[in-house]
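# An overview of the molecular structure
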Amino acid sequence: MTKDESWMNLALEEARRGVGKTSPNPPVGAVIVKDGMLLGKGWHRKVGLPHAEREAMADARHRYGPDSLVGATAYVTLEPCSTFGRTPPCVAGLIEAGITRVVYACEDPNPAHAGRADALLQKEGISVVKGVLREPCEKILRPFAKVQRTGLPWVMVKIAMSLDGRITRPKGETSWLSCPASRDDVQSLRAESDAIVTSGETVRQDLPSLTIRQPLLMEGRLPPWRVVISRNPQSLPRNAPLFVDEFHDRTWVSSAEPETILKELAERGVLTVMVEAGGKLVADWMQRGLVDECVIYMTPMITGGLPAMAGEADFPLSLEQAEWKTLGDDVRLRALVRKDHSGK
(Lines give C-alpha, C1' and ligand atoms only; values in the text may rest on other atoms or scores of the structure.)
Protein backbone atom coordinates (compact mmCIF):
# COMPACT_ATOMS: atom_id res chain seq x y z
CA MET A 1 0.00 0.00 0.00
CA THR A 2 1.41 3.41 -1.01
CA LYS A 3 1.43 6.38 1.38
CA ASP A 4 -1.50 7.93 -0.49
CA GLU A 5 -3.45 4.69 -0.22
CA SER A 6 -2.67 4.40 3.48
CA TRP A 7 -3.99 7.90 4.23
CA MET A 8 -7.00 7.36 1.98
CA ASN A 9 -7.76 4.17 3.87
CA LEU A 10 -7.92 6.24 7.06
CA ALA A 11 -10.28 8.66 5.32
CA LEU A 12 -12.42 5.69 4.30
CA GLU A 13 -12.61 4.57 7.93
CA GLU A 14 -13.95 8.01 8.76
CA ALA A 15 -16.48 7.83 5.91
CA ARG A 16 -17.85 4.52 7.17
CA ARG A 17 -18.88 6.24 10.40
CA GLY A 18 -21.48 8.19 8.41
CA VAL A 19 -23.17 5.28 6.62
CA GLY A 20 -26.91 5.45 7.26
CA LYS A 21 -26.72 8.91 8.86
CA THR A 22 -26.13 11.41 6.08
CA SER A 23 -29.00 11.04 3.61
CA PRO A 24 -29.71 12.60 1.24
CA ASN A 25 -25.99 13.37 1.29
CA PRO A 26 -23.34 10.66 0.80
CA PRO A 27 -21.08 9.38 3.63
CA VAL A 28 -17.67 11.02 3.17
CA GLY A 29 -14.46 11.02 5.18
CA ALA A 30 -11.34 13.19 5.06
CA VAL A 31 -7.92 13.48 6.68
CA ILE A 32 -5.35 16.29 6.63
CA VAL A 33 -1.66 15.35 6.47
CA LYS A 34 1.53 17.43 6.53
CA ASP A 35 5.14 16.22 6.43
CA GLY A 36 3.95 12.67 6.98
CA MET A 37 1.98 13.54 10.10
CA LEU A 38 -1.77 13.39 10.62
CA LEU A 39 -3.09 16.85 11.51
CA GLY A 40 -6.82 16.20 11.57
CA LYS A 41 -9.62 13.92 10.44
CA GLY A 42 -13.38 14.15 10.07
CA TRP A 43 -16.55 12.78 8.52
CA HIS A 44 -19.82 14.24 7.35
CA ARG A 45 -22.26 13.65 10.21
CA LYS A 46 -25.60 14.88 8.96
CA VAL A 47 -27.19 16.91 6.17
CA GLY A 48 -26.83 20.59 6.97
CA LEU A 49 -23.67 20.08 9.04
CA PRO A 50 -20.11 20.66 7.76
CA HIS A 51 -18.79 18.32 5.11
CA ALA A 52 -15.91 15.95 5.86
CA GLU A 53 -13.18 18.30 4.54
CA ARG A 54 -14.29 21.13 6.80
CA GLU A 55 -14.59 18.76 9.77
CA ALA A 56 -11.03 17.56 9.19
CA MET A 57 -9.68 21.09 8.76
CA ALA A 58 -11.42 22.22 11.94
CA ASP A 59 -9.88 19.28 13.78
CA ALA A 60 -6.41 20.22 12.51
CA ARG A 61 -6.82 23.87 13.51
CA HIS A 62 -8.00 22.83 16.97
CA ARG A 63 -4.99 20.56 17.45
CA TYR A 64 -2.21 22.57 15.82
CA GLY A 65 -3.40 26.12 15.30
CA PRO A 66 -4.92 28.18 12.47
CA ASP A 67 -1.81 28.18 10.25
CA SER A 68 -1.17 24.44 10.43
CA LEU A 69 -3.04 23.75 7.18
CA VAL A 70 -0.72 25.80 4.96
CA GLY A 71 1.16 23.39 2.71
CA ALA A 72 -0.81 20.33 3.84
CA THR A 73 -2.45 17.54 1.82
CA ALA A 74 -6.16 16.74 2.07
CA TYR A 75 -7.32 13.17 1.46
CA VAL A 76 -11.05 12.86 0.72
CA THR A 77 -13.13 9.83 -0.27
CA LEU A 78 -15.26 11.91 -2.65
CA GLU A 79 -14.45 14.82 -4.95
CA PRO A 80 -14.79 18.06 -2.92
CA CYS A 81 -18.02 19.90 -3.62
CA SER A 82 -17.78 23.08 -5.65
CA THR A 83 -21.23 24.67 -5.27
CA PHE A 84 -23.20 26.30 -2.49
CA GLY A 85 -25.90 24.17 -0.85
CA ARG A 86 -26.82 24.01 2.81
CA THR A 87 -23.10 24.56 3.45
CA PRO A 88 -20.42 26.50 1.53
CA PRO A 89 -18.33 24.67 -1.09
CA CYS A 90 -15.43 22.64 0.25
CA VAL A 91 -13.23 23.60 -2.70
CA ALA A 92 -13.28 27.21 -1.47
CA GLY A 93 -12.47 26.08 2.07
CA LEU A 94 -9.46 24.08 0.92
CA ILE A 95 -8.15 27.02 -1.11
CA GLU A 96 -8.64 29.49 1.73
CA ALA A 97 -6.86 27.18 4.19
CA GLY A 98 -3.68 27.04 2.10
CA ILE A 99 -3.91 23.35 1.23
CA THR A 100 -1.42 22.63 -1.56
CA ARG A 101 -2.38 19.06 -2.52
CA VAL A 102 -5.76 17.32 -2.73
CA VAL A 103 -6.12 13.57 -3.17
CA TYR A 104 -9.60 12.12 -3.66
CA ALA A 105 -10.97 8.68 -4.46
CA CYS A 106 -14.16 9.11 -6.48
CA GLU A 107 -15.58 11.69 -8.84
CA ASP A 108 -18.85 13.10 -7.53
CA PRO A 109 -21.81 11.43 -9.28
CA ASN A 110 -23.84 14.58 -8.67
CA PRO A 111 -23.90 16.35 -12.07
CA ALA A 112 -23.69 19.74 -10.34
CA HIS A 113 -20.26 18.84 -8.96
CA ALA A 114 -18.85 16.09 -11.18
CA GLY A 115 -15.36 16.91 -12.40
CA ARG A 116 -15.49 20.61 -11.45
CA ALA A 117 -13.12 20.49 -8.48
CA ASP A 118 -9.98 19.68 -10.47
CA ALA A 119 -9.98 22.84 -12.56
CA LEU A 120 -10.91 25.10 -9.63
CA LEU A 121 -8.15 23.71 -7.43
CA GLN A 122 -5.50 23.58 -10.15
CA LYS A 123 -6.27 27.18 -11.08
CA GLU A 124 -5.04 28.10 -7.59
CA GLY A 125 -1.87 26.04 -7.99
CA ILE A 126 -3.13 23.10 -5.94
CA SER A 127 -1.97 19.66 -7.05
CA VAL A 128 -4.83 17.17 -7.59
CA VAL A 129 -4.66 13.38 -7.60
CA LYS A 130 -7.80 11.32 -8.10
CA GLY A 131 -8.74 7.65 -8.16
CA VAL A 132 -6.80 6.54 -5.07
CA LEU A 133 -8.70 3.56 -3.52
CA ARG A 134 -11.56 4.37 -5.87
CA GLU A 135 -13.25 0.95 -5.73
CA PRO A 136 -13.59 0.56 -1.93
CA CYS A 137 -14.68 4.17 -1.62
CA GLU A 138 -17.24 3.74 -4.41
CA LYS A 139 -18.68 0.79 -2.51
CA ILE A 140 -20.12 2.91 0.30
CA LEU A 141 -21.20 5.56 -2.22
CA ARG A 142 -23.28 3.15 -4.33
CA PRO A 143 -26.66 4.23 -2.89
CA PHE A 144 -25.92 7.94 -3.44
CA ALA A 145 -24.64 7.24 -6.95
CA LYS A 146 -27.75 5.25 -7.84
CA VAL A 147 -30.08 8.02 -6.68
CA GLN A 148 -28.11 10.53 -8.74
CA ARG A 149 -28.18 8.25 -11.79
CA THR A 150 -31.74 6.88 -11.68
CA GLY A 151 -33.76 8.82 -9.11
CA LEU A 152 -34.34 5.57 -7.19
CA PRO A 153 -32.71 4.39 -3.95
CA TRP A 154 -30.45 1.39 -3.50
CA VAL A 155 -32.51 -1.72 -2.63
CA MET A 156 -31.13 -4.40 -0.33
CA VAL A 157 -33.12 -7.56 0.38
CA LYS A 158 -32.54 -9.40 3.67
CA ILE A 159 -33.50 -13.07 3.88
CA ALA A 160 -33.00 -15.76 6.52
CA MET A 161 -33.42 -19.27 5.19
CA SER A 162 -32.85 -22.95 5.91
CA LEU A 163 -30.56 -25.05 3.76
CA ASP A 164 -33.53 -26.13 1.67
CA GLY A 165 -34.49 -22.52 0.95
CA ARG A 166 -37.39 -22.15 3.40
CA ILE A 167 -37.94 -18.92 5.33
CA THR A 168 -39.98 -20.21 8.29
CA ARG A 169 -39.61 -22.99 10.81
CA PRO A 170 -42.15 -25.81 11.18
CA LYS A 171 -45.33 -24.92 13.06
CA GLY A 172 -45.05 -25.18 16.81
CA GLU A 173 -41.38 -24.21 16.92
CA THR A 174 -39.84 -20.84 17.76
CA SER A 175 -40.32 -18.18 15.11
CA TRP A 176 -36.57 -17.49 14.83
CA LEU A 177 -34.82 -19.18 11.93
CA SER A 178 -31.42 -17.51 12.25
CA CYS A 179 -29.11 -17.57 15.27
CA PRO A 180 -28.63 -14.65 17.75
CA ALA A 181 -25.41 -13.53 16.04
CA SER A 182 -27.24 -13.20 12.74
CA ARG A 183 -30.08 -11.28 14.37
CA ASP A 184 -27.56 -8.87 15.85
CA ASP A 185 -26.02 -8.46 12.40
CA VAL A 186 -29.43 -7.53 10.99
CA GLN A 187 -29.44 -4.53 13.33
CA SER A 188 -26.29 -3.29 11.58
CA LEU A 189 -28.00 -3.72 8.21
CA ARG A 190 -30.96 -1.68 9.42
CA ALA A 191 -28.52 1.00 10.57
CA GLU A 192 -27.23 1.24 6.98
CA SER A 193 -30.76 1.87 5.76
CA ASP A 194 -32.97 4.94 5.57
CA ALA A 195 -36.15 2.91 5.05
CA ILE A 196 -37.36 -0.64 5.68
CA VAL A 197 -40.03 -2.12 3.43
CA THR A 198 -42.29 -4.97 4.47
CA SER A 199 -45.61 -6.47 3.44
CA GLY A 200 -49.01 -6.27 5.03
CA GLU A 201 -48.95 -10.05 5.43
CA THR A 202 -45.69 -9.87 7.40
CA VAL A 203 -47.21 -7.24 9.68
CA ARG A 204 -50.29 -9.41 10.25
CA GLN A 205 -48.34 -12.60 10.89
CA ASP A 206 -45.25 -11.39 12.77
CA LEU A 207 -46.14 -7.97 14.26
CA PRO A 208 -42.59 -6.70 13.58
CA SER A 209 -41.25 -3.44 14.99
CA LEU A 210 -38.54 -2.94 12.30
CA THR A 211 -36.53 -0.65 14.56
CA ILE A 212 -32.81 -0.39 15.30
CA ARG A 213 -32.61 -1.92 18.76
CA GLN A 214 -28.95 -1.21 19.53
CA PRO A 215 -28.61 2.32 21.03
CA LEU A 216 -25.11 2.87 19.65
CA LEU A 217 -26.37 2.29 16.12
CA MET A 218 -29.08 4.91 16.62
CA GLU A 219 -26.69 7.67 17.63
CA GLY A 220 -26.76 10.64 15.26
CA ARG A 221 -29.64 9.44 13.11
CA LEU A 222 -33.41 9.17 12.85
CA PRO A 223 -35.04 5.72 12.88
CA PRO A 224 -35.59 4.35 9.39
CA TRP A 225 -38.89 4.90 7.65
CA ARG A 226 -41.08 1.79 7.87
CA VAL A 227 -43.06 1.22 4.71
CA VAL A 228 -45.87 -1.32 4.73
CA ILE A 229 -47.09 -2.39 1.28
CA SER A 230 -50.69 -3.56 1.48
CA ARG A 231 -53.53 -3.82 -1.03
CA ASN A 232 -55.95 -3.84 1.89
CA PRO A 233 -54.70 -1.37 4.54
CA GLN A 234 -57.93 -1.69 6.53
CA SER A 235 -57.02 -5.27 7.39
CA LEU A 236 -53.76 -4.33 9.11
CA PRO A 237 -53.71 -4.75 12.92
CA ARG A 238 -53.77 -1.21 14.29
CA ASN A 239 -52.10 -2.38 17.49
CA ALA A 240 -49.03 -3.61 15.61
CA PRO A 241 -45.83 -2.11 17.14
CA LEU A 242 -44.94 0.01 14.12
CA PHE A 243 -48.32 1.79 14.39
CA VAL A 244 -48.23 2.51 18.13
CA ASP A 245 -44.60 2.77 19.24
CA GLU A 246 -42.65 6.00 19.76
CA PHE A 247 -41.66 6.06 16.09
CA HIS A 248 -45.18 5.58 14.68
CA ASP A 249 -44.86 8.84 12.74
CA ARG A 250 -42.10 7.13 10.73
CA THR A 251 -44.51 4.42 9.48
CA TRP A 252 -46.07 4.75 6.05
CA VAL A 253 -48.69 2.42 4.52
CA SER A 254 -48.99 2.34 0.74
CA SER A 255 -50.81 0.36 -1.91
CA ALA A 256 -48.86 1.97 -4.76
CA GLU A 257 -46.64 0.12 -7.20
CA PRO A 258 -43.08 -0.54 -5.93
CA GLU A 259 -41.49 1.81 -8.47
CA THR A 260 -43.75 4.64 -7.29
CA ILE A 261 -42.92 3.93 -3.65
CA LEU A 262 -39.19 3.94 -4.35
CA LYS A 263 -39.41 7.20 -6.26
CA GLU A 264 -41.26 8.86 -3.39
CA LEU A 265 -38.73 7.54 -0.89
CA ALA A 266 -35.91 9.04 -2.96
CA GLU A 267 -37.77 12.35 -2.97
CA ARG A 268 -37.87 12.11 0.84
CA GLY A 269 -34.08 11.85 0.87
CA VAL A 270 -33.79 8.08 1.19
CA LEU A 271 -30.61 6.52 -0.21
CA THR A 272 -30.90 2.89 0.93
CA VAL A 273 -34.02 0.73 1.26
CA MET A 274 -33.95 -2.59 3.07
CA VAL A 275 -36.64 -5.16 2.26
CA GLU A 276 -37.68 -7.46 5.11
CA ALA A 277 -40.69 -9.41 3.91
CA GLY A 278 -42.00 -12.78 2.79
CA GLY A 279 -41.19 -14.65 -0.39
CA LYS A 280 -44.07 -13.22 -2.43
CA LEU A 281 -43.00 -9.59 -2.08
CA VAL A 282 -39.31 -10.44 -2.44
CA ALA A 283 -39.95 -12.40 -5.62
CA ASP A 284 -42.07 -9.59 -7.06
CA TRP A 285 -39.33 -7.01 -6.49
CA MET A 286 -36.70 -9.33 -7.93
CA GLN A 287 -38.78 -9.98 -11.04
CA ARG A 288 -39.23 -6.24 -11.52
CA GLY A 289 -35.45 -5.78 -11.45
CA LEU A 290 -35.62 -3.48 -8.43
CA VAL A 291 -33.17 -5.33 -6.17
CA ASP A 292 -29.50 -4.29 -6.12
CA GLU A 293 -28.14 -6.41 -3.29
CA CYS A 294 -29.05 -9.57 -1.36
CA VAL A 295 -28.05 -10.44 2.19
CA ILE A 296 -28.91 -14.05 2.92
CA TYR A 297 -28.48 -15.74 6.31
CA MET A 298 -28.28 -19.51 5.87
CA THR A 299 -28.88 -21.61 8.96
CA PRO A 300 -27.85 -25.29 9.32
CA MET A 301 -31.39 -26.61 9.25
CA ILE A 302 -33.73 -28.38 6.83
CA THR A 303 -37.37 -27.52 7.47
CA GLY A 304 -39.31 -28.67 4.41
CA GLY A 305 -42.66 -27.27 3.34
CA LEU A 306 -43.39 -23.72 2.29
CA PRO A 307 -42.87 -20.81 1.98
CA ALA A 308 -39.73 -20.68 -0.09
CA MET A 309 -37.22 -17.85 -0.17
CA ALA A 310 -38.62 -16.32 -3.37
CA GLY A 311 -42.12 -17.68 -3.21
CA GLU A 312 -43.11 -19.91 -6.09
CA ALA A 313 -41.65 -17.62 -8.73
CA ASP A 314 -39.66 -19.15 -11.56
CA PHE A 315 -37.01 -16.73 -12.78
CA PRO A 316 -33.20 -16.63 -13.02
CA LEU A 317 -31.20 -14.45 -10.65
CA SER A 318 -27.41 -14.34 -10.55
CA LEU A 319 -25.32 -12.78 -7.81
CA GLU A 320 -21.80 -11.38 -8.02
CA GLN A 321 -19.09 -9.91 -5.79
CA ALA A 322 -20.10 -12.41 -3.11
CA GLU A 323 -18.85 -11.91 0.44
CA TRP A 324 -19.18 -14.74 2.96
CA LYS A 325 -19.13 -14.42 6.75
CA THR A 326 -19.68 -16.91 9.58
CA LEU A 327 -22.05 -15.74 12.31
CA GLY A 328 -22.45 -18.28 15.09
CA ASP A 329 -23.80 -21.42 13.40
CA ASP A 330 -25.03 -19.42 10.40
CA VAL A 331 -23.33 -18.29 7.22
CA ARG A 332 -24.11 -14.89 5.72
CA LEU A 333 -23.89 -14.26 1.99
CA ARG A 334 -23.82 -10.64 0.89
CA ALA A 335 -23.70 -10.05 -2.85
CA LEU A 336 -24.84 -7.78 -5.65
CA VAL A 337 -27.53 -8.73 -8.14
CA ARG A 338 -25.99 -9.10 -11.57
CA LYS A 339 -27.76 -6.71 -13.92
CA ASP A 340 -28.45 -7.40 -17.59
CA HIS A 341 -26.94 -5.35 -20.38
CA SER A 342 -29.79 -2.85 -20.30
CA GLY A 343 -28.84 -1.86 -16.73
CA LYS A 344 -32.17 -2.99 -15.31
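To keep things clear, this report deals only with the structure shown in the data block. Predicted model only: the values in this text are computed from it and were never measured.

### What about the packing of aromatic side chains?
According to the stated counting rule, one finds zero aromatic pairs in the structure shown. Between the NZ or CZ atom of arginine 238 and the centre of the ring of phenylalanine 243, over which it lies, the distance is 4.2 Å. One residue, arginine 268, lies across the ring of tryptophan 252, its end atom 4.3 Å from the ring centre.

### Let's talk about the nonpolar core
Core analysis: the biggest nonpolar cluster contains 40 residues, and Met8, Ile32 and Ile99 have the highest contact counts within it. Counting residues per element, the ones that place at least two in this core are α1 (3–16), β1 (29–34), α2 (52–64), β3 (73–78), α3 (90–97), β4 (101–106), α4 (116–123) and α5 (134–150). Broken down by element, this core gets its largest block of residues, six residues, from α1. Apart from residues no more than four positions distant in its own chain, isoleucine 32 is found in contact with Met37, Leu38, Leu39, Gly40, Ala56, Met57, Leu69, Ala72, Thr73, Ala74 and Ile99. The next biggest cluster of nonpolar side chains, apart from the first, holds 30 residues, and it includes Val157, Val197, Val270 and Ala277.

### As for the pairing of β3
Within β3, six of the six residues are buried, which leaves the element mostly enclosed by the surrounding structure. One ladder, built from four bridges, connects β1 with β3; its direction is antiparallel. Counted as the bridge partner of valine 31 is tyrosine 75 from β3. The pairing of β3 with β4 spans five bridges and is classified as parallel. Along β4, the bridge assignment pairs tyrosine 75 with valine 103. Handedness of the crossover joining β3 and β4 through α3 is recorded here as right-handed.

### Observations concerning α5
Along its length, α5 shows its largest kink, about 65 degrees, at leucine 141, and proline proline 143 lies within four residues downstream of that point. All of the buried residues in α5 are Cys137, Ile140, Leu141, Pro143, Phe144, Lys146 and Val147. Buried residues along α5 sit against α1, β3, β4, β6 (154–162) and β10 (272–275). Positive backbone phi, at 80 degrees, marks glycine 151, one or two positions downstream of α5.

The rules behind these values
- Residues numbered from 1 in each chain as written.
- Predicted model: local features only at pLDDT ≥ 70, side-chain atom pairs only at ≥ 80, totals over all residues.
- Heavy atoms only, no water.
- Phe/Tyr/Trp six-rings, centres within 6.5 Å; stacked < 30°, edge-to-face > 60°.
- Lys NZ or Arg CZ within 6 Å of the ring centre and 35° of its normal.
- Core = buried A, V, L, I, M, F, W, Y, C linked by side-chain atoms within 4.5 Å.
- Buried < 20%, exposed > 50% of the residue type's maximum accessible area, 1.4 Å probe, protein only.
- Helix = DSSP H or I, 4+ residues; strand = E, 2+ residues; numbered from the N terminus.
- Contact = heavy atoms within 4.5 Å.
- Pairing = 2+ DSSP bridges.
- Right-handed = clockwise from strand over helix to strand, strands pointing away.
- Bend = angle between axes of the 7 residues up to and from the residue.

Just distances and angles here, no functional claims.
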